[in-house]
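So you can see what is in the structure, the chains are spelled out below.
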Amino acid sequence: MDQTKPFNILKRLVWDAYKLVKANKGSAGVDQESIADFEQNLSKNLYKLWNRLSSGTYFPPPVKGVAIPKKQGGQRMLGVPTVSDRIAQMVVKVAFEPYVEPYFKEDSYGYRPNKSALDAVGITRKRCWQFDWVLEFDIRGLFDNIEHELLMKAVRKHTDNKWIILYIERWLKVPMQMADGTMVNRRLGTPQGGVISPLLSNLFLHYVYDVWMNTHHRDKPWCRYADDGIAHCKTETEAKQLLIELRERFAECKLELHPDKTKIVYCKDGKRKSEHPDTKFKFLGYEFRRRMVSGKEKRMFLSFTPAICKEAKKAICKTIRRTGVRERSELSIEEIAKWLNPKIDGWINYYGKFNLSAMKPVARQINHTLIKWCMNKYKSFRYSKPRALRFMVEMSEKRSCLFAHWRRKLGGSFV
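Residues numbered from 1 in each chain as written. Predicted model: local features only at pLDDT ≥ 70, side-chain atom pairs only at ≥ 80, totals over all residues. Heavy atoms only, no water.

What's the story with the overall build of the protein chain in this structure? I'm lost.
Check the secondary structure of the protein chain and you find 15 helices and eleven strands. Each principal axis of the C-alpha distribution contributes one length, and for the protein chain these read about 75 × 60 × 40 Å. Just so you have it, the protein chain exposes about 21500 Å², and 50% of that area is on carbon and sulfur atoms. Side-chain charges in the protein chain split into 77 positive and 45 negative, and the spacing between the mean points of these groups amounts to 6 Å. (Helix = DSSP H or I, 4+ residues; strand = E, 2+ residues; numbered from the N terminus. Areas by Shrake-Rupley, 256 points an atom, 1.4 Å probe, with all protein chains shown as cover. Lys, Arg positive; Asp, Glu negative; His and termini not counted. Charge placed at Lys NZ, Arg CZ, Asp CG, Glu CD.)

Put into structure tokens, the structure is as follows:
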């Protein structure tokens, strides 16, 4: 350690943080410097960052405001840090996470090591079979409305490390630079898009919701993934009372439940036959509702289960169209498969986990795109879609391992 530095930050920690940031990729911040640009003078840039962090003279630059569309409509504003600032945030995240991770609850799944969205969907599926009622909630603008004083109180509860506290405080106050160059100062929240922000939001909700639920509603299993949450109740009366108390609890902590995304749901299936206006809900890209499923000995029955939601299907189909695959007639079908398979595998691995057959409309869209590609590539098929269709059907039968959805037995969905 350099004894002239007030903070003991190892150079190795900065190097490891850089490697993590590089693996996560990401776009340039306000300085327009990409990861490739940063690497042009890597040793000097990392040393400069370490030197400033260790001496306490690191002041984060503004984050770049980028509007991205929401699946349900509207826009979400991301705050994209510079590459150097992402590395600095990663340094603090890696150092701070071990202080808080052991205290986080089992049913908190978002942005945590060795936990995933599919884990959250799986436990919710199981509990929907055990409890008749669900309170589904969403926190309106969580990342924009976290109260700084309350958050820093939680940070200091878990560490007295001066440089961790110092830099978290500085990041909370960083302004956002909009596309027209104007600066928006921040008095609340932590920029969505920052490396440290997910950990800080998790810490905040750990005390706002997780600990509160385990203290006041121990009989109601819950599951939370970032700002989306599920609580299971035995009766509608319990669910209504919980909703009242939850609104009050979030208001105490300067947060608000989203009125359109918060509701009480009856988990109606073949045995639970009462009536209620809401009998389905969406959670992490899955829609939970009553469906016909196959049980033991292929016996069919109605169950309350998850499957890919309509919005996710539309988003996937939009992505397929945006690839422009159908116009790439210079590519061979093997090259098309190599290009698309990582995407298709990812979609099926996630959305096909609990109801693979619900992915058939997505498989049909992919096959439709392949037919269009075939018509553009081969002159003999250019004006005959039926012939192109027959060609692709035969291809899926002869080379069933070529495309990921063909391998998963979704290949026959051409019509």
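For this particular structure, what's the right way to read the sheet that holds strand β8 (residues 263-266)?
Strand pairing within a sheet occurs via backbone hydrogen bonds; the two strands may be parallel or antiparallel. Taken in spatial order, the four strands make up an open sheet running β6-β7-β3-β8, and their pairing is antiparallel. Each edge of the open sheet is held by one strand with a lone partner, namely β6 (222-225) and β8. The sheet shows a mean angle of 20° between the axes of neighbouring strands, taken without regard to direction. Direction of pairing for strand β3 (residues 133-138) relative to strand β7 (residues 228-233): antiparallel, over a ladder of six bridges. Bridge pairing in β7 links Glu136 to Ile230. (Pairing = 2+ DSSP bridges. Axes fitted to C-alpha atoms, helices over the stretch in contact; angles between N-to-C directions.)

Hey, could you run me through empty space enclosed by the protein in this one?
Picture a little ball the size of a water molecule; that probe, rolled over the atoms, points out where space is still empty. This model, assessed by the stated rule, comprises two cavities of 30 Å³ or more. In this structure, the largest cavity is lined by Val63, Gly79, Pro81, Gln89, Trp171, Val174, Thr190, Pro191, Gly194, Ile196 and Ser197. Lining the second largest cavity are Ile320, Thr323, Leu340, Lys343, Ile344, Trp347 and Ile366. Counting only elements with at least two residues in the lining of the second largest cavity, the list comes to α11 (310-323) and α12 (333-351). Looking at which element gives the most residues to the lining of the second largest cavity, the answer is α12, with four residues. Looking at side-chain class alone, the lining of the second largest cavity contains five nonpolar, one polar and one charged residues. (1 Å grid on protein atoms, 1.4 Å probe; cavity = no way out; pocket = protein on both sides within 12 Å on 5 of 7 lines; lining within 4 Å. Points joined across faces, edges and corners; volume = space filled by probe spheres on them. Nonpolar A, V, L, I, M, F, W, Y, C, P; charged D, E, K, R; others polar.)

Just checking my understanding: could you explain the packing of helix α3 (residues 42-55) against helix α4 (residues 83-100) for this structure?
Packed helix pairs are characterised by how far apart their axes lie and by the angle those axes make with each other. As a packed pair, α3 and α4 sit with axes 11 Å apart at the nearest point and diverge in direction by 50°. When the axis of α3 is compared with that of α4, the two are oblique. For the pair α3 and α4, the sense of crossing is right-handed. Seen from α3, the contacting residues are Leu46, Leu49 and Leu53; seen from α4, they are Ser84, Ile87, Ala88 and Val91. Taken together, the residues of the contact of α3 with α4 sort by class into six nonpolar, one polar and no charged. (Parallel < 35°, antiparallel > 145°, perpendicular 65-115°, else oblique. Left-handed = near helix turned anticlockwise from the far one by under 90°. Contact = heavy atoms within 4.5 Å.)

Honestly, the packing of helix α1 (residues 11-24) against α3 in this entry has me stumped. Any pointers?
Interhelical geometry of α1 versus α3 gives an angle of 120° and a closest axis separation of 10 Å. For the element pair α1 / α3, the angle class is oblique. Crossing handedness for the pair α1 and α3: right-handed. Note on element contacts: α3 touches α1 through Leu42, Leu46, Tyr47, Leu49 and Trp50, opposite Lys11, Val14, Trp15 and Tyr18. A class-by-class count of the residues in the contact of α1 with α3 yields eight nonpolar, no polar and one charged.

When you look at the nonpolar core in this model, what are you seeing that I'm missing?
Considering soluble globular proteins, one finds that nonpolar side chains tend to be buried as a cluster. Membership of the largest hydrophobic core comes to 69 residues, with the highest contact counts inside it found for Ile9, Ile87, Phe96, Val155, Trp163, Ile168 and Phe250. For Ile168, the residues in contact, after removing those within four places along its chain, are Val92, Phe96, Met152, Val155 and Leu200. Membership of the second largest hydrophobic core comes to 56 residues, among which are Leu118, Val134, Ile320 and Ile336. (Core = buried A, V, L, I, M, F, W, Y, C linked by side-chain atoms within 4.5 Å. Buried < 20%, exposed > 50% of the residue type's maximum accessible area, 1.4 Å probe, protein only.)

How should the pattern of salt bridges be read in this particular structure?
Once the charged atoms of two side chains with opposite charge are near each other, the side chains can pair. All told, the structure shown has 23 salt bridges when counted by the stated rule. The salt bridge partner of Asp16 is Lys19, with a shortest N-O separation of 3.8 Å. Here Asp16 pairs with Lys19, and both are found in helix α1, just three residues apart, close to one helical turn. A salt bridge links Asp107 to Arg127; the shortest N-O distance between them is 3.2 Å. Within this pair, whereas Asp107 is found in the loop between α4 and α5 (117-130), its partner Arg127 is found in helix α5, the two being separated by 20 residues in sequence. Overlapping salt bridges bring together Lys282, Glu287, Arg289 and Glu311 as one network. (Salt bridge = Lys/Arg side-chain N within 4 Å of Asp/Glu carboxyl O.)

Could you clarify how one ought to interpret the side chain of Asp107 in this entry?
The exposure class assigned to Asp107 is buried, which follows from its relative accessible area of 14%. At 3.2 Å, the side chain of Asp107 and the side chain of Arg127 are in polar contact. Sequence-distant contacts of Asp107, that is, excluding residues within four places in its chain, are made with Arg127, Trp222, Cys223 and Arg224. (Polar contact = N/O pair within 3.5 Å; in protein donor to acceptor, adjacent residues only side chain to side chain.)

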